[in-house]
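# A closer look at the structure
These are the residues of each chain, in order.
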Amino acid sequence: MKNRNDTIRTKVELRQRAERQLANTAPDMPVDPQDRSLHELQVHQIELEIQNEALREARGLAEQALERYAELFDFAPIAYFTLGDDGGIQQANFKGEQLLKLQRFTVDGRRFADFVAGEFRPVFDQFLEQVFAGIAARHCEIVLAAAGTSRWVTIEAIADRKNRTCLAAVIDITERKRNEQEVQLAATIYLALSEAIMVADADNRIVAINPAFSSLTGYSADEAIGQSTSLLKSGRQDQAFFQAMWHSLHQTGQWQGELWNRRKNGEEFLARLSISTVYGDSGQIVRRVAMSSDITEQRRAEEIIHRQANVDPLTGLPNRRLFLDRLQRAIGKSRRGHQKLALMFLDLDHFKDINDTLGHDVGDRLLEETTHRLMACIRETDTLARPGGDEFTLIMGELQDLNSIDRVAQAILRTMTAPFKLKDELCYISISIGIALYPDDADSVEDLLKNADQAMYAAKKLGRGRFCYFTPAMQEAAEIRLRLTNDLRHALADQQIWVAYQPIVDLATGEIRKAEALIRWEHPTRGRVNPAEFIPIAEDTGLITEIGSWVFHQVAEQVAVWRHRHSAQFQISINKSPAQFHNNSDKLGDWFEHLQRLGLPGGCIAVEITEGLLLDASNTVTEKLLAFKNAGMQTSLDDFGTGYSSLSYLKKYQIDFLKIDQAFVSGLTAHSTDMALCEAIIMLAHVLGIKVIAEGVETEVQRDLLMQAGCDYGQGYLFSKPVPAADFEKLFSSTRADGGPRFQQR
């Protein structure tokens, strides 16, 4: 639009316009002075009208401009404030009221400093002072606190020419400040982080490292930057490892794992590495960031912990925990592959004897040597484990040929026949093996373990040093044992248990001087249960202590009767299980007090023990044996000659009686080996001041030979089988002076 103000400013131009406009209405210039004056008045009138028109147009334009300015001010995308020289807010736009979270009519007149966070008010006051001190624009960054929120802002302001007001533009920079802080924090973390950071470009050249990287690798920034990312490569990982790594990076932009790196000094270390890719706007690779840490010691500690938790420290074999895990995995693999699996239970025969006689250190060396021999017999795919003690287990999976089970078992038996050189001594030890098959015998870990264990015990019962497969009959026997265990818990209360007595005859006079008390169980449905069946159950369950105490009280009361009726020196021997010696709940004081209440001396009772008990050097066993001695009770050593007794034990524990095992008596004939052994035992015992009792005497020939050898006492069916107390009474008058029985052999 043409600027009419220029026309108004110049009177010449106004005059010319007026003259032209008047000439159009009165073309002839007046000559008469009066007419000329009228002409001048008309020209001035036209000039005034032109001026008024121009003023009206200018006012309209000014009003339009002011309205447009107001709109621009009010709806500007940034906050605007007009501030007085006192800092008061004279005007604010919509963005400004949003920033202060107030409506404009409540903002006017308030000091802008009221909305500035306290610690930034001095900064704002100084800024405002500088704004009104000159015409140049000023700038500052402060924090506004309005309606409970804080916002970072940047303010740029310039005063008017009279320095009465200033226009301030306020921009919210909270997000920018947050980003700056995050960048600063990231930089701080980058420098302070204990993890080593390496940044590489798209060409896998190192562009940055942090101090932790230098500490970890020994490379300074000058040495590392510009080098290839393979700077730390150790060579331990093969090509396939790195192919998998780069495949993951190309596909996902990420990779994490463990690998061996090499420091500047050549030392290798295990690193946990995480790599992330940074992409540009168009998807191109900009950077790869690798974070790593040294986990060498951590892994070593983990391996130690894993080994302690899963590996037997003596043999290096998997322990019970790891064995069960391997077995579970093997069963799962066999199930998926529809294959068979064999589980062997291997138990060293009489290992405790080696341990007790030669010491635990020798026992440990035996277990180590056994491990080497077993490992030489098995396949590479088999798992040999030592769950504990002298037991080993063997998992044979993926069986294509079941004959391989027999071959391995036989190889194991053969290798165990060779002597072990332990502590400068040659020792022989056999092994019993039980075998159960999956899925033929069981389809679960628990059942397979149970069945292999039963098969192993069956191998021991068959004579040891052999292998035995699981059969359903073993399971049936185990179930019978379980039922017997349950029934035995009630047998004593239900009066199913009773005591039988077998006479021990003085061979020189034929008199019954002693008796052995033997426990019997009359089951309500099974009939009489063999002690060989229920005594081990009683020992395993701990019932032997309760039963043994009951038997003692029964025997004490019976011996009191027979001492009164027949002989003041009569003695009854009681078998005491090794389990009773090891069980601290067995209170011997109660036994001794019971004898005192009955008015009986300790000598009325003899305690029968086995040879194996003497090999136990524990304080508990020693203390109990000495307690019997101190109470006046005598000690009888049962089954002498079948174990590993040492003469020093006979002297140490002051044994009173040796009982020759019936295995020597049953084959007794003149000039036989058994006769020589019996004579040697009798002679040895007498030299040590010990009396001898021969067990299993069934014939007069055996009795006579024993008498000739000097044996003191005889016990066996020749004299009587074990009988109830009432029947035993009849035996006191059934012997002649020459020792011959007046009753039929029973």
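Residues numbered from 1 in each chain as written. Predicted model: local features only at pLDDT ≥ 70, side-chain atom pairs only at ≥ 80, totals over all residues. Heavy atoms only, no water.

## Some points on the sheet that holds strand β13 (residues 391-399)
- Judged by pairing direction, the sheet is mixed, and its 5 strands sit side by side in the order β12-β13-β11-β16-β17 without closing on themselves. Strands with a single pairing partner mark the edges of an open sheet, and in this sheet they are β12 (383-388) and β17 (467-469). Between one strand axis and the next, the sheet turns through 20 degrees on average, direction left out of account.
- Two strands pair when backbone bridges link them, and β12 and β13 are joined in this way by 4 bridges, in the antiparallel orientation. Bridge pairing in β13 links Ala385 to Thr393.
- Docked against the sheet, helix α15 (residues 403-417) engages β11 (340-348), β13, β16 (431-438) and β17, running at close to 165 degrees with respect to β16. (Pairing = 2+ DSSP bridges. Helix = DSSP H or I, 4+ residues; strand = E, 2+ residues; numbered from the N terminus. Axes fitted to C-alpha atoms, helices over the stretch in contact; angles between N-to-C directions. Contact = heavy atoms within 4.5 Å.)

## What about helix α26 (residues 673-687)?
- The terminal C-alpha atoms of α26, which comprises 15 residues, lie 21 Å apart, in line with the 21 Å expected from a rise of 1.5 Å per residue.
- Contacts made by the buried residues of α26 are with β23 (634-640), β24 (657-660), α25 (662-665), β25 (691-694) and α27 (700-709). (Expected span 1.5 Å × (residues − 1).)

## Digging into the pairing of strand β19 (residues 512-523)
- Judged by how many residues are buried, β19 sits mostly within the fold: 10 of 12 residues are covered.
- Pairing of strand β18 (residues 497-506) with β19, which is carried by 9 bridges, proceeds in the antiparallel orientation. When the bridges of β19 are listed, Gln502 appears paired with Glu516.
- Here β18 hands over to β19 after 5 residues, with Gly510 in that stretch at a positive phi of 80 degrees.
- In this structure, β19 lies alongside strand β21 (residues 571-575), joined through 4 bridges in parallel fashion. Bridge pairing links Ala517 to Ile574 in β21.
- The sheet contact formed by β19 and strand β20 (residues 527-529) spans 3 bridges and is antiparallel. Paired with Glu522 across the bridge in β20 is Arg528. (Buried < 20%, exposed > 50% of the residue type's maximum accessible area, 1.4 Å probe, protein only.)

## A look at the sheet that holds strand β10 (residues 285-294)
- Across the sheet, 5 strands lie side by side as β7-β6-β10-β9-β8; this open sheet has antiparallel pairing. If you trace the sheet from one side to the other, it starts and ends with β7 (206-209) and β8 (254-262), each paired once. If you compare each strand with its neighbour and ignore which way they point, the axes differ by 25 degrees on average.
- As judged from the 9 bridges shared by β8 and strand β9 (residues 268-279), these two strands associate in the antiparallel manner. Bridging across to β9, Gln254 finds its partner in Ser276.
- Each of β8, β9 and β10 touches helix α10 (residues 239-252); the most contacted strand, β8, lies at about 150 degrees to it.
- On the sheet, helix α11 (residues 296-310) packs against β8, β9 and β10 and is oriented at approximately 120 degrees with respect to β9.

## Some thoughts on the environment of Ile354
- Of note, Ile354 is situated in helix α13 (residues 351-358).
- Each C-alpha atom of the pair Ile354 and Cys427 lies 8.4 Å from the other, and the pair is 73 residues apart in sequence.
- Ignoring anything within four residues of it in the chain, the contact list for Ile354 reads Gly359, Leu366, Cys427 and Ile429.

## Overview of the pattern of salt bridges
- The full count for this structure, using the stated rule, is 36 salt bridges.
- Among the salt bridges present, the one from Glu268 reaches Arg262, with a minimum N-O distance of 3.1 Å.
- Relative accessible area serves as the criterion here: at 26%, Glu268 is assigned to the partly exposed category.
- Ionic pairing is found between Asp294 and Arg263, a salt bridge with its closest N-O pair at 2.9 Å. Of this pair, Asp294 sits in strand β10 while Arg263 is found in the loop between β8 and β9, placing the two residues 31 residues apart along the sequence. (Salt bridge = Lys/Arg side-chain N within 4 Å of Asp/Glu carboxyl O.)

Remember that the coordinates give geometry; whether it matters functionally is a separate question.
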